[in-house]
Amino acid sequence: MTTAKSAAREARRSDAFRRVARAGFVVVGLVHIIIGALAVSIASGAGGDADQDGAMEQIRSTPVGGLVLTVVAAALIALAVWQVVSALVATGGEVKKWGQRIKLFGIAIAYLVIAGLALIYAFGGHAESETSSKTLSAVLLSTPGGVFLLIAIGLTVVGVGIGFVASGVTTGFRKMLDLPSGAGRPPIVVLGVVGYVAKGIAVAVTGILFVVAAWTGDPDKSGGLDAALRSLADLPFGRVILWLVGAGLAVYGVFSIVRARYARM
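Owing to the predicted nature of the structure, the values given are computational and were not obtained by experimental measurement. (Residues numbered from 1 in each chain as written. Predicted model: local features only at pLDDT ≥ 70, side-chain atom pairs only at ≥ 80, totals over all residues. Heavy atoms only, no water.)

1. Focus on the nonpolar core
Using the following cut-off: The term nonpolar core refers to a set of buried residues drawn from Ala, Val, Leu, Ile, Met, Phe, Trp, Tyr and Cys, joined through side-chain atoms within 4.5 Å. Relative accessible area decides the class of each residue, using a 1.4 Å probe on protein chains only: under 20% of the type maximum gives buried, over 50% gives exposed, and in between gives partly exposed. A run of DSSP states H or I qualifies as a helix once it reaches four residues; a run of E qualifies as a strand once it reaches two. Both are numbered from the N-terminal end.
Within the largest apolar cluster, 47 residues are counted, with the highest numbers of intra-cluster contacts made by Phe-25, Ile-35, Met-56, Leu-76, Tyr-111 and Leu-229. Elements with a contribution of two residues or more to this core: α2 (15–43), α3 (52–60), α4 (65–88), α5 (94–122), α8 (185–216), α9 (225–232) and α10 (238–262). With twelve residues, α2 is the largest single contributor of residues to this core. Ile-188, Val-189, Tyr-252 and Phe-255 belong to the second-largest nonpolar core, a separate cluster that totals nine residues.

2. Looking at the pattern of salt bridges
Two side chains with opposite charge may pair up if their charged atoms get near one another. What counts, and what does not: Only one rule defines a salt bridge in this text: a Lys or Arg side-chain nitrogen within 4 Å of an Asp or Glu carboxyl oxygen.
Considering all chains together, one arrives at three salt bridges under this definition. The residue Arg-264 makes a salt bridge to Asp-178 at a minimum N-O spacing of 2.8 Å. Taken together, the residues span a long stretch of sequence, with Arg-264 in the segment after α10 and Asp-178 in the loop between α7 (146–169) and α8 at a distance of 86 residues. Judged by relative accessible area, which is 44%, Asp-178 ranks as partly exposed. In this structure, the salt-bridge partner of Arg-230 is Asp-226, at a minimum N-O distance of 2.9 Å.

3. Some thoughts on the packing of aromatic side chains
To be explicit about the condition: Pairing of aromatic rings covers Phe, Tyr and Trp, the last through its six-membered ring, and needs centres within 6.5 Å; plane angles under 30 degrees mean stacked, over 60 mean edge-to-face, and all others mean tilted. By definition here, charges over rings are those cases where NZ of Lys or CZ of Arg is within 6 Å of the ring centre and within 35 degrees of the ring normal.
For the coordinates displayed, the defined rule picks out eight aromatic pairs. Relative to Tyr-252, the ring of Tyr-196 lies with its centre 5.5 Å away and its plane at 70°, an arrangement referred to as edge-to-face. One end of the pair, Tyr-196, is in helix α8; the other, Tyr-252, is in helix α10, with 56 residues separating them in the sequence. Exposure class is identical for Tyr-196 and Tyr-252. Each is buried. Among the aromatic residues, those joined into a ring-pair cluster are Phe-164, Phe-173, Tyr-196, Tyr-252 and Phe-255. Over the ring of Phe-164 we find Lys-199; its NZ or CZ atom is 5.9 Å from the centre of that ring.

4. Thoughts on the side chain of Ser-137
Which entries qualify depends on this criterion: Any N or O atom pair separated by 3.5 Å or less is treated as a polar contact, with the protein-specific requirement of one donor-capable and one acceptor-capable atom, and with residues adjacent in sequence counted only for side-chain atom pairs. Here a residue-residue contact requires only that any non-hydrogen atoms of the pair lie within 4.5 Å.
By the secondary structure assignment, Ser-137 is in helix α6 (residues 129–141). Looking at Ser-137, its side chain comes within polar contact range of the side chain of Ser-222, at 2.9 Å. Setting aside residues no more than four positions away along its own chain, Ser-137 makes contact with Leu-150, Phe-210, Pro-219 and Ser-222.

5. Let's talk about the confidence of the model for the chain
To keep things clear, this is the line we draw: pLDDT is a residue-level measure of predictor confidence that goes from 0 to 100.
Taken over all residues, the pLDDT of the chain has a mean of 87, while the share at 70 or more is 95%. Per-residue pLDDT, averaged within each element of the chain, yields its smallest value for helix α1 (residues 2–12) (66) and its largest for α10 (94).

6. Looking at unusual backbone geometry
Excluding glycine, a negative phi dihedral is what most residues carry, and trans is how most peptide bonds are arranged. In this model, Thr-171 sits at a positive phi of 55°, which is unusual for a non-glycine residue. Looking at where Thr-171 falls in the secondary structure, it is placed in the loop between α7 and α8. Positive phi, normally seen in glycine, also occurs at Phe-237, with a value near 60°. Along the chain, Phe-237 turns up in the loop between α9 and α10.

Okay, structure coming up:
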């Protein structure tokens, strides 16, 4: 562990590594802007998949889509490695330190999953996160005690969503940034508040779908981000809600791009 920590500290001193990792936030922002635009499109009556798969499909449809997706994957992998490095050099008491490590490892895994999707689409492949969610639910529901594990997964995802909302409402995300002083600060904070709340709602609804699948015993009730966003349209004033959440996800994307400049790294 000492050797790993030493290597991690050395890596964090690399300006080149830091710049590439910052580019990962730009990529995250781009993906969320596309997802948000797709959600708004669905709310307006058009089609499309408002999730990471849909975003990758949109990027691939451009003349240089394969090259862009390769760059997207590389930046996300660099950002994931940065999270792992940060986890290895986490400080504080044992409970706080390991809590931080678990969080950072989880974020790294999320970035690597999106990077994997980017590579699949870059080389002409296709993936459906919604199908994967339903398959996971079906497998768990067919195993003894699997329903409880599926509920636990759903509640964990809901908790992550609530965490995003709380971070937005309390502006807790500011701890991750070196914000500028003066007139530049308030707009960035507003972007963060709106973006984090919208992101949290989308993530929480995704978790609720897992719980519903477990409660009803129907794996088809679960789904990924696209299914979660579409479920919002079934609520009273659902299309308006979906439009607002979609716009909020696009705002989160803009915030992520801004974060590339001001993130504490």
